[in-house]
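# Commentary on secondary and tertiary structure
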Amino acid sequence: MPEPQPLGRNRDFRVLLSAQGISALGDAVSFTALPLLVLALTGSGLAMGVVGALSMLPDLFIGMIAGAYADRSDRKRMMFLADLGRAALTALIPLSVILGGPTMAVILIVTAPMSILRAFFLAGYTASVPMLVGRSQLARANSIFEAVYSFGYIIGPAIAGLLAATIGPGLTLAIDAASFGLSSFALGLMRRDLRAPADRPQTSLVADIREGIDFIVHHPILRPMILFWALVNISLAPLVAALTVHVTRDLGQDATILGLVLTAYGIGTVVGALLTARFSRRAVAPFLLGGTLTTGILLTVVSRAEQIPILLGAAAIAGAAQSLVLVTYLTARTNMSPDALLGRIGSTARTLSLGLQPVGLLAGGALIDLTDGSTTIAVMGVLLIALTLLFSPVRALRRATVLPHVASTG
């Protein structure tokens, strides 16, 4: 691990930050445009759930493999190739719209491969950040990354909403394809050697994966924290689909309003990330559990609200709460992970939090079709409140902090 360098003078940190900022803008556009496109093509909440499930299901099978490769290979090359591949695959969707092709079929075909590439990108990213900034600056770096990423969600959904209402959601996805291309170019400019140590023991891929799982299972804080985050993500998985139906169908608003609600959420996440950076010695429980409880309460408010100002205000506060939760979780998890296991622990955690999201997506899609978007959002809010109450008595979580505390791997 290199000596920490001030983030403002850390060239490779700035390069990676720029790449993530560009990619975040494209992701935010796709975050809004893709559900609108699927809804326009099929009119079905279940179809939206199927697409969402395809985008997450590969994480269940590929995530831990990607983490093992990140701990034994060149992380920079992994991220570069992953973004380049995602640029090509995403471009096929607007190209299908232009050519009048079977767009829904194209979406179904490219969604899973894009998820596989995302798993390899995130594995390389997770293992790279501590190497770039040092553990003493990890909390601040994570807050900055989250603020920049969230800034894309301030302008991205509004852009997507306006473009979807004019040129259509399919053509709007070209922005996401371009952002992946620009991100891969930026990653190619990084100078830092991000390869795994050449003298690491030569073991099988299965043994590497098992080592990461065993470390989590036997860690008194990582085990409940990762499980809690996974259950929260599964519960929130159908939120975008439910919100899309709630705003555009239940309330009868157009795509521009949906874009504004998501933009308000993005503003909240930026504020939350900047606030989190001021608490470098913070305890885990008040942020992880308190932020989730706040989000659950706000979702129940959103489910009953019809006035646009209330929707925007609730979205902004929920965004701030979830940002506090996410940055706290990522920083604590990384600071409890040994250098040699960074990729595997991160990917194993994502296997649970992302790989099992199809359960929530399919259940949420079915609930949308059986009831409506409003009811589905209310159910998600109740689930978050219940999870907070369930994990609050866990003593290890109540005592944990985000300060660097790495246990031995052996």
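Residues numbered from 1 in each chain as written. Predicted model: local features only at pLDDT ≥ 70, side-chain atom pairs only at ≥ 80, totals over all residues. Heavy atoms only, no water.

### What about the overall build of the chain?
Rules: Helix and strand assignments follow DSSP, with helices taken as H or I runs no shorter than four residues and strands as E runs no shorter than two, numbered in order from the N terminus. In this description the radius of gyration comes from C-alpha coordinates, and the expected globular size is given by 2.2 Å times residues to the power 0.38. With a 1.4 Å probe rolled over the protein chains alone, any residue whose accessible area is under 20% of its type maximum counts as buried; one over 50% counts as exposed, and the rest are partly exposed. All accessible areas in this document rest on Shrake-Rupley with a 1.4 Å probe, and a residue is counted as covered only by the protein chains that are shown. Within this scheme the basic residues Lys and Arg register as positive and the acidic residues Asp and Glu register as negative, but His and the chain ends are omitted. For this purpose, a charge sits on NZ of Lys, CZ of Arg, CG of Asp or CD of Glu.
The helix and strand tally for the chain stands at 17 helices and zero strands. Compactness check: the chain gives a C-alpha radius of gyration of 20 Å against a globular reference of 22 Å for 410 residues, within 12% of the reference. Over its C-alpha atoms, taken along the principal directions, the chain stretches across nearly 60 × 50 × 40 Å. Looking at the 410 residues of the chain, the share that counts as buried comes to 56%. When the accessible surface of the chain is split by element, carbon and sulfur atoms take 69% of a total near 16,300 Å². For the chain, the distance from the average position of its 28 positive side-chain charges to the average position of its 20 negative side-chain charges is 9 Å.

### Observations concerning the packing of aromatic side chains
Put simply, the rule is: Here the aromatic set is Phe, Tyr and Trp, taking the six-membered ring for Trp, and pairing holds for ring centres within 6.5 Å; pairs whose planes are under 30 degrees apart are stacked, those over 60 apart are edge-to-face, and all others are tilted. The rule is short: NZ of Lys or CZ of Arg within 6 Å of the ring centre and within 35 degrees of the ring normal puts a charge over the ring.
Taken as a whole and judged by the stated rule, the model has six aromatic pairs. Both rings, one in Phe-13 and one in Phe-145, keep their centres 5.3 Å apart while their planes meet at 70 degrees; by these two values the pair is edge-to-face. In this pair, Phe-13 is assigned in helix α1 (residues 11–42) and Phe-145 in helix α5 (residues 138–166), connecting sequence segments 132 residues apart. There is no split in this pair, since Phe-13 and Phe-145 are both buried. Measuring from ring centre to ring centre gives 5.0 Å for Trp-229 and Tyr-329, while their planes differ by 25 degrees; the resulting arrangement is stacked. On the criterion of sequence distance, the pair formed by Trp-229 in helix α9 (residues 222–236) and Tyr-329 in helix α13 (residues 308–335) is long-range, its members being 100 residues apart. For the pair shown, Trp-229 and Tyr-329 are each scored as buried. One Lys or Arg, Arg-86, reaches over the ring of Phe-121 and ends 5.1 Å from the middle of that ring.

### Examining the packing of helix α12 (residues 285–304) against helix α16 (residues 373–391)
Applied cut-off: The angle between two axes is taken between their N-to-C directions and runs from 0 to 180 degrees, where each axis is a line fitted to C-alpha atoms and a helix contributes only its stretch in contact. Convention used here: angles under 35 degrees read as roughly parallel, angles over 145 as roughly antiparallel, angles from 65 to 115 as roughly perpendicular, and any remaining angle as oblique. When the near helix sits turned anticlockwise from the far one by under a right angle, the crossing is termed left-handed; a clockwise turn instead gives a right-handed crossing. The contact criterion used is simple: two residues touch if any of their non-hydrogen atoms lie within 4.5 Å. Amino acid classes used here: Ala, Val, Leu, Ile, Met, Phe, Trp, Tyr, Cys and Pro are nonpolar; Asp, Glu, Lys and Arg are charged; the rest, including Gly, are polar.
Viewed as axis vectors pointing N to C, α12 and α16 meet at an angle of 155 degrees, and their least axial separation amounts to 8 Å. Between α12 and α16, the crossing angle belongs to the class labelled roughly antiparallel. As α12 packs across α16, the resulting crossing turns out to be left-handed. Residues Leu-289, Thr-292, Leu-293, Thr-295, Gly-296, Ile-297, Leu-299, Thr-300, Val-302 and Ser-303 of α12 lie in contact with α16, whose contacting residues are Ser-374, Ile-377, Ala-378, Met-380, Gly-381, Val-382, Leu-384, Ile-385, Thr-388 and Phe-391. Of the residues contributing to the contact of α12 with α16, the split by class is 12 nonpolar, eight polar and no charged.

### Section: a nonpolar patch on the surface
Condition: Each patch is built from residues that are more than 30% exposed by relative accessible area and take part in no salt bridge. Like charges join if they lie within 9 Å; nonpolar side chains (Val, Leu, Ile, Met, Phe, Trp, Tyr) join within 5 Å. The salt bridge definition used is simple: a Lys or Arg side-chain nitrogen within 4 Å of an Asp or Glu carboxyl oxygen.
Together, Leu-46, Val-50, Leu-108 and Leu-362 line one region of the surface with nonpolar side chains, adding up to about 280 Å² of accessible area. Tracing the chain through its elements places Val-50 in helix α2 (residues 45–70). Val-50 gets classed as partly exposed once you look at its relative accessible area, which sits at 34%.

### Examining the side chain of Asp-74
This is how the line gets drawn: Between N or O atoms, a polar contact is any pair within 3.5 Å; within protein, one atom must be a potential hydrogen donor and the other a potential acceptor, and residues adjacent in sequence are included only when both atoms are from side chains.
Along the chain, Asp-74 falls in the loop between α2 and α3 (75–99). It turns out Asp-74 is buried and unbridged, and the closest side chain with the opposite charge, Arg-195, is 4.8 Å from it. Reaching out from Asp-74, the side chain makes a polar contact with the backbone nitrogen of Arg-77 at a distance of 3.3 Å. Contact partners of Asp-74, with chain neighbours within four places excluded, come to Leu-194 and Arg-195.

### Here's the deal with the pattern of salt bridges
On inspection of all chains with the given rule, the structure shows 10 salt bridges. Across the pair Asp-12 and Arg-192 runs a salt bridge whose closest N-O atoms are separated by 4.0 Å. Highlighted residues: Asp-12 in helix α1 and Arg-192 in the loop between α7 (174–187) and α8 (205–217), separated in sequence by 180 residues. Using a relative accessible area of 22% as the deciding quantity, one classes Arg-192 as partly exposed. Residues Arg-86 and Asp-83 are paired through a salt bridge, measuring 2.5 Å at the closest nitrogen-oxygen approach. In this pair, Arg-86 and Asp-83 both sit in helix α3, three residues apart, roughly one turn of the helix. When sorted by exposure, Arg-86 lands in the same class as Asp-83, which is buried.

### Brief notes about α12
Note the threshold: To estimate how far a helix should reach, multiply one less than its number of residues by 1.5 Å.
Compared with the 28 Å implied by 1.5 Å per residue over 20 residues, the 29 Å span of α12 between its first and last C-alpha is a close match. Listed as buried for α12 are Ala-285, Phe-287, Leu-288, Leu-289, Gly-291, Thr-292, Thr-295, Gly-296, Leu-298, Leu-299, Val-302 and Ser-303. On its buried side, α12 packs onto α9, α10 (239–250), α13, α16 and α17 (395–399).

### What about the packing of α2 against helix α4 (residues 103–133)?
With their axes 7 Å apart at the nearest point, α2 and α4 run at an angle of 30 degrees to one another. With respect to their mutual orientation, α2 and α4 come out roughly parallel. As α2 runs across α4, the sense of the crossing is right-handed. Looking at the contact of α2 with α4 residue by residue, the class counts come to 17 nonpolar, six polar and two charged.

### Describing α9
Over its 15 residues, α9 runs 21 Å from end to end, which matches the ideal 21 Å to within 8%, given 1.5 Å per residue. Taken across its 15 residues, α9 has 12 buried, putting it largely inside the fold. Every buried residue of α9 is accounted for by Leu-222, Pro-224, Met-225, Ile-226, Phe-228, Trp-229, Ala-230, Val-232, Asn-233, Ile-234, Ser-235 and Leu-236.

### Side note on the side chain of Arg-86
Among the residues examined, Arg-86 registers a relative accessible area of 8% and is labelled buried. With near-sequence residues (within four places) excluded, Arg-86 lies in contact with Met-114, Leu-117, Arg-118, Phe-121 and Phe-180.

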